[in-house]
Structures are given as C-alpha cells and as structure tokens.
Amino acid sequence: MAALRRALSGAWRPPPPPSHRGFARPAGPPSSRQLREADEAAPVFQYAGKAARRRGRVFVWGFCLAGALGVPSFVRPDAGWKRPRRVQPTPYRLETDGKITSAACGYGFTLLSSNTTDITKVWGMGLNKDSQLGFQRSIRDRTKGYEYVLEPSPIPLPLEKPQQTRVLQVSCGRAHSLILTDSEGVFTMGNNSYGQCGRKIVEDEIYRLCVARTTVCLEPRKARSLHAVGELMDKQLGGDIAGVNIIQVSSYGDCCLAVSDEGDLFGWGNSEYLQLASVTETTQVSVPRHLPFKIGKIKEAACGGTGNAVLTEEGNVFVWGYGILGKGPNLTETAVPEMIPPSLFGWSDLNPDVRVAHVRCGLSQFAALTNRGELFVWGKNLRGCLGIGRMEDQYFPWRVTVPGEVVDVACGVDHMVSMVKSFT
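Regarding the environment of glycine 134
Part 1: Its location among the elements puts glycine 134 in the loop between β5 (122-127) and β6 (148-154).
Part 2: Put simply, glycine 134 and methionine 189 are 55 residues apart on the chain and 6.3 Å apart in space, counted from C-alpha to C-alpha.

Spelled out as structure tokens, the structure:
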C-alpha cells in the first residue's frame, strides 16, 4: 500500500512556472501610447443639436454628354484612365456657389436661380447653340459664344437695381429660357423663331455670333410686363377660362392645363394623346375648355408630352393621356383620369399622414413629392432620367434614394434636377 502511494505520488508533479519566453506577459496597466492609439481608433459619434442648420443642396441625374448635369468630368474626364460618362443613373450632388431656389430643365440644358440679392442670380449649363443660356463668350474668339457649357456658369441680367431685385423663378422651353423677377418683369433668351421670347421675329437670326456693334446674339432681354401679358392672354384665349381666376398653369409639350382658385381644371392645345378627349373629339383645341372631372377639387396640375397628372386637395394623384401612366403595363391610354393608389406613395395604416404635396411632368416621365420630402418617379426612363439606378422603364411610382428632404424637382426630356434640404 505504501509502495502504491509512493508510485502515485511520483506520477504527478505540479507544472513549472511559465518562463515567458515566447509567450505574452501578464497584462499590466496600458501605456500612454496604447491609450492614445486606442483613442484615435475609437468610433466618433456626432449628434446634431436643435440649432444645426440644414443646408440646401442640388442633385442631378440622367443624360450627361450635353453638359446639362453641370459636371465637367462627366463629359471630359479629369484622368486619362477615365471615360466620358454617358448616363448618371442615380442622384449626383452638384456643387453650387449659392443657395438654389428654382430650377428648370430644357432640351439638353438646365437653368438654376437663387432669390438672393447678390449680383449673380442665375446659372446655366448644357446645350447653348441658340444662346438659351445667354451669350457665354468664348475665351479664344471673343466674337463667338460657347455652344456647350459644361458647368454652372453665371448668366448676367440687365437689371436696373441688381442688388435689390430678386429672381423668383426660371423656366425652359425647347431652346429658349424665361427668368421671372419680383420687380423688373420677365427676361427671355434663346431661340425666337416663333416669337416664344416675346419680341419681334427676325428672319434667319443667328444666335451664336456677336459682331462689333451689330448685335445678333441673344442676351437676356426684358419681355412685356406681366400685366400686359395677362390682358393679352385674356383677349386671345377666352373660352371657358374667361373671367376665371387662374392660380396655376402647366405646359411641357403642346398641351396646356390651368387650375382655378375654385379647384376647376381647364385645358387647350394638342389632344392627339387623349389629353382633352373627355370634352372633344378634335385633336387641336384652340379655345380653353373646362374639364369636368368628378375627382374633387384640383390643387395642382402637371402637363407632360403625352400624359397629364393632377393633384387633388385630398392628396390623391390622377393621371390620363398616353404612355406609362403609373398603374402598370396594362394602362397605356385613357381619356378619363385614373387614380394611382396612395399606398404606392408610402401611405399605409402605420403612416396615415403621408400625402402627395406636388406633382411634376417631363416629356415622358412623372414625379411626385410627398409631405415627408420623398420623391417618387415613374414613366419612360429615357437615358436614365428617372434616377432609379437602372435603365428599364418604371410602370409604378418608385422612390428615388436622395440623401435629404426633397423640396422640389424639375423634369426634362432625359435629365432631372432636384433641390434638397440636408437632414443635418
């Protein structure tokens, strides 16, 4: 028994103490260097206080090569290994000098404006073959202007009081532009072949040259006063619109819509795509007609190239005309307004307060802004103009991912511009 006890006691020995050679030493208090490195590597959490200012930003997307997006590197790459970018399929932030309050998209060009009292109030970018962006004088040849403007460039206005007058709104046509001020009327520039600039038509007018004192280039010029234009409109249009107080008008292609202060809708112009087929079978309507749609009071109207949209006081969106109207591939034409389900704009039992606040139209696409600052688009996705990250057409409203609260959006033929407030 004693021998067995001695054998067992000899079989087990306590382990020797660690030698620390090649092994980690026991953890001691961290050094100042370790503390500094850990502090630098730690994540930083920033919280915006109530006094944080939300910044106005501009985002652009769509066709790039005409320069309408205002990003020079898209057209002329800033590195040898890069290639020109034909399409920008998602919103891209545009760096601007001032706070932009109005934007408009033409056929391959863009206008931006700010209601500031600074000297520079309007900027233009994109196609400029008809001086729709003003006379952008060439550096090499001072008698010629640039036909393409690749970045937002100032457009000087011949204002009498430049440090007092503010620009309220800009608007674009196919190749002409309009600028509305608060106290000095309307300024126009660009192609005037049909008198769309509100001045005398000059046969064979050249819009790109400026020779000595004989000026044949078109710089911003003042149009007739709004009061005179209003009187002329009442005399020329008449029809069902005579004596009616109009609060909003919309036109993009050849059709026009107008909304009265009582929520009635009027239309005139081209009706080849059923825009006015609810009241007439003719395709050319030269007199404003009342459109007696039984959909409630109209708050806002948007007129596109082949389709129209209206927004009612209840926040419902109705569409009619021809094309991709927003209710799927089976609805391509209708003369009677069809309501797009509110759930497609974010309304639900959990979000009962979501409403559409504004509607917009381009040549073949639609846009809707909600009271939460979300942007929904649908329609023909020509050259990525919807900004949804893919090139396929969109048959139902689809939310555009924009890092901020969308305040307004301008729709063109193949590009769009949105004005956004940052979240912080």
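Additional details are given in the paragraphs that follow.
Section: the sheet that holds strand β12 (residues 255-260)
Part 1: One open sheet accounts for 4 strands, arranged β11-β12-β13-β14; its pairing is antiparallel. Strands at the two margins of the open sheet, each flanked by one partner only, are β11 (246-251) and β14 (284-290). When the angles between neighbouring strand axes are averaged without regard to direction, this sheet yields 10°.
Part 2: Bridge count between β11 and β12: 5 bridges; the pairing is antiparallel. The residue bridging serine 250 from the neighbouring strand is leucine 257, located in β12.

Some remarks on the layout of surface pockets
Part 1: Here the second largest pocket defines a volume of roughly 490 Å³.
Part 2: Contributions of two or more residues to the lining of the second largest pocket are made by β1 (56-63), β2 (87-94), β23 (405-411) and β24 (415-421).
Part 3: Here the residues of the lining of the second largest pocket sort into 6 nonpolar, 4 polar and 10 charged.

Details of a positive patch on the surface
Part 1: Together, Arg53, Arg55, Arg93, Lys99 and Lys421 give the surface a local cluster of positive charge.
Part 2: Its location among the elements puts arginine 93 in strand β2.

A look at the pattern of salt bridges
Part 1: Within the structure shown, the criterion is met by 10 salt bridges.
Part 2: Here arginine 199 ties to glutamate 205 by a salt bridge, and the two come within 2.9 Å at their closest N and O atoms.
Part 3: For glutamate 205, a relative accessible area of 17% corresponds to the buried category.
Part 4: Residue aspartate 408 is joined to arginine 360 by a salt bridge in which the shortest nitrogen-to-oxygen separation is 3.1 Å. Of the two residues, aspartate 408 sits in strand β23 while arginine 360 sits in strand β19 (residues 356-361), which places them 48 residues apart along the sequence.
Part 5: Connected via shared salt-bridge partners are Glu300, Arg360 and Asp408.

Details of the state of the cysteines
Here, the word disulfide means a covalent bond between the sulfur atoms of two cysteines.
Part 1: Counted under the stated rule, the structure contains 0 disulfides.
Part 2: Cysteine 255 carries a free sulfur, and the closest cysteine sulfur to it, the one in cysteine 303, is 4.0 Å from it.
Part 3: A relative accessible area of 1% means that cysteine 255 is categorised as buried.

Reading the values: rules and limits
As a convention, each chain's residues are numbered from 1 in the sequence order in which they are written. Reporting in this predicted model follows two pLDDT cut-offs: at least 70 for local features of residues, and 80 or more for side-chain atom pairs to be given and counted; totals over whole chains, interfaces and linings ignore these cut-offs and use all residues. Side-chain metrics rest on all non-hydrogen atoms present in the structure, leaving aside hydrogens and water. Numbered from the N terminus, helices here are DSSP runs of H or I no shorter than four residues, and strands are runs of E no shorter than two. Two strands make a pair as long as DSSP finds a minimum of two bridges between them. Interaxial angle, 0 to 180 degrees, is taken between N-to-C directions of lines fitted to C-alpha atoms, where a helix line uses only the stretch in contact. A 1.4 Å probe that fits into a set of points on a 1 Å grid over the protein atoms alone but cannot get out defines a cavity; an open set with protein on both sides within 12 Å along at least five of seven lines defines a pocket, and lining residues are those with an atom within 4 Å of a point. Grid points are joined across faces, edges and corners, and a volume is the space filled by probe spheres set on the points. Only Asp, Glu, Lys and Arg are considered charged, only Ala, Val, Leu, Ile, Met, Phe, Trp, Tyr, Cys and Pro nonpolar, and every remaining residue, Gly among them, polar. Two distance rules govern patches: like charges are joined within 9 Å, and nonpolar side chains (Val, Leu, Ile, Met, Phe, Trp, Tyr) within 5 Å, applied only to residues with over 30% relative accessible area and no salt bridge. Using the Shrake-Rupley algorithm and a 1.4 Å probe, accessible areas are obtained, with residue cover drawn only from the displayed protein chains. A carboxyl oxygen of Asp or Glu within 4 Å of a side-chain nitrogen of Lys or Arg is what we treat as a salt bridge. Working convention for charge: Lys and Arg count positive, Asp and Glu count negative, and His plus the chain ends are omitted. Lys charges are placed at NZ, Arg charges at CZ, Asp charges at CG and Glu charges at CD. Think of it in three bands: with a 1.4 Å probe and only protein chains considered, a residue is buried below 20% of the maximum accessible area for its type, exposed above 50%, and partly exposed in between. By definition, disulfides here are pairs of cysteine sulfur atoms that lie within 2.5 Å.

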